[in-house]
Amino acid sequence: LLMAPLGVGLAMIGFGLSKSFWVLLAFRCAQGAFNGNLGVAKTVMNEISDPTNVAEIFSYLQLMWSIGSTASPFMGGFLANAAVKWPDTLGRIKILRLHPYFLPCAVAGGVALAGFGFAVVGLRETLPSLKEHNNEQFESPPTETDPLLPAGSGSVNPTSDNLNSDTINAEVTPSFLELFTPKVRIALLNHACLCFCDMAYHALIPLVYSTPISLGGLGMRPHDIGVIMGSCGIYNAIIQVLFGGRLIRYFGARRIFTSAFVAYFGVFATYPLLSILARRAGHVDPAVIVVLVCQLSSSCMMYFSFAATMLFIVDSAPNRRIVGSVTGLSQMVGTVFRGIAPSVASSLFAVSVKHNIVGGYLVYIILACISYGALRCTLMLPPRLSSDAESQDKN
């Protein structure tokens, strides 16, 4: 977790100073190599939380993601070619004249290095095995008056009272294949469905909104599309932080997760309605705007689902010692389906429009059916998290 922001920060600075393609490619590969810390970060967030606040903690992930994805393009476009934009001030700096993209890369790298500094100062080790090892190192050496057996151990042979099954499971680390328990497989399946539907949804927005009305789109300008997507991302992130944890605790993680696929189904199903209304009016009229607002408003349920899916992934781990392994598996599965979804959605959209299959709406029908299938998969998830059940039993 510490090496990732350090590596990304240095790779970003090197990227901005590159003068040849191969050096540029090498630093870009380094960025990708050091960018795989999200699974580790989620594991640490789980280890520093408890059932009373874990939903709120995971809700902040979407806020950070929205801030980064919204601010980064703006910063990159604003600071690029700084010597040309401000010749009287920044244009006097030689390094900015020689490397027009160094300034935005340096700012982005500085943010990553600042995160590294904060983590070095404020973050402590959370892995249970390393915490126990560190505690043993700081323990005082035994003296002549210390007992040979720990307090409370009445016999040498362990009994069911002082060695339960949970303790045994916590000490055993299963192999890679043994990680795929039925509970883990169900959680990963639902996570894959979520990642696929989410990326298909985000891939279609710029395509549909920018495509001419005669071809089934809305004919919007790129500037308007950027404003809509940025505003929607910030709005949803704020709603997620304010209400995400509360809604998950009140309705339950599975209901929130299931409602996300209801929202995806509704979003894909409203695209044909948008096209019909836009073609009838010849432009984006108030009727189109109303449907557009309803479509984008439902996306808040999609944001809630990302905190819920992390709760199910963490809850599916056989014990806390291998939460990191299960989280890493979820990152791998999510990356694969995030890579597949945009290609599938874009290709289906192009084929549907080019050959006018089902009036050009074939892509929406297929994605709506996939959303419905994912909705059925959510029924395999446990109605309650095991952590919630344990806390209720204690109460």
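Residues numbered from 1 in each chain as written. Predicted model: local features only at pLDDT ≥ 70, side-chain atom pairs only at ≥ 80, totals over all residues. Heavy atoms only, no water.

By the naming in an unreviewed UniProt entry, the protein chain goes by Major facilitator superfamily domain-containing protein and is assigned to Favolaschia claudopus. Here is the UniProt Subcellular location (unreviewed entry) comment for the protein chain, exactly as written: "Membrane". (UniProt positions renumbered as here; feature names shortened; annotations may be inferred.)

Novice: Give a description of the nonpolar core that names residues and reports values.
Specialist: Core analysis: the largest hydrophobic core is formed by 71 residues, its most contacted members being Tyr201, Leu204, Tyr209, Tyr264, Phe268 and Tyr271. Sorting the residues of this core by element identifies α4 (54–79), α10 (182–210), α11 (222–251), α12 (253–281), α13 (286–297), α14 (299–316), α15 (323–355) and α16 (362–377) as the ones contributing at least two each. Ranked by residue count, the leading element in this core is α10, at 15 residues. With residues near it in sequence (within four places) discarded, Phe268 still touches Cys197, Ala200, Tyr201, Leu204, Tyr364, Leu367, Ala368 and Ser371. If you look at the next biggest cluster of nonpolar residues, it comprises six residues, including Leu79, Ala82, Phe102 and Leu103. (Core = buried A, V, L, I, M, F, W, Y, C linked by side-chain atoms within 4.5 Å. Buried < 20%, exposed > 50% of the residue type's maximum accessible area, 1.4 Å probe, protein only. Helix = DSSP H or I, 4+ residues; strand = E, 2+ residues; numbered from the N terminus. Contact = heavy atoms within 4.5 Å.)

Novice: Summarise the pattern of salt bridges; cite the residues concerned and give the values.
Specialist: Evaluated as defined, the whole model comprises two salt bridges. Of the charged contacts, one joins Asp315 and Lys183 as a salt bridge, the two residues approaching to 3.2 Å between their closest N and O atoms. In this pair, Asp315 is assigned in helix α14 and Lys183 in helix α10, connecting sequence segments 132 residues apart. For Asp315, a relative accessible area of 10% puts it in the buried group. Salt-bridge contacts for Asp224 lead to Arg221; the nearest nitrogen and oxygen are separated by 3.0 Å. Given the relative accessible area of 54%, Arg221 is considered exposed. (Salt bridge = Lys/Arg side-chain N within 4 Å of Asp/Glu carboxyl O.)

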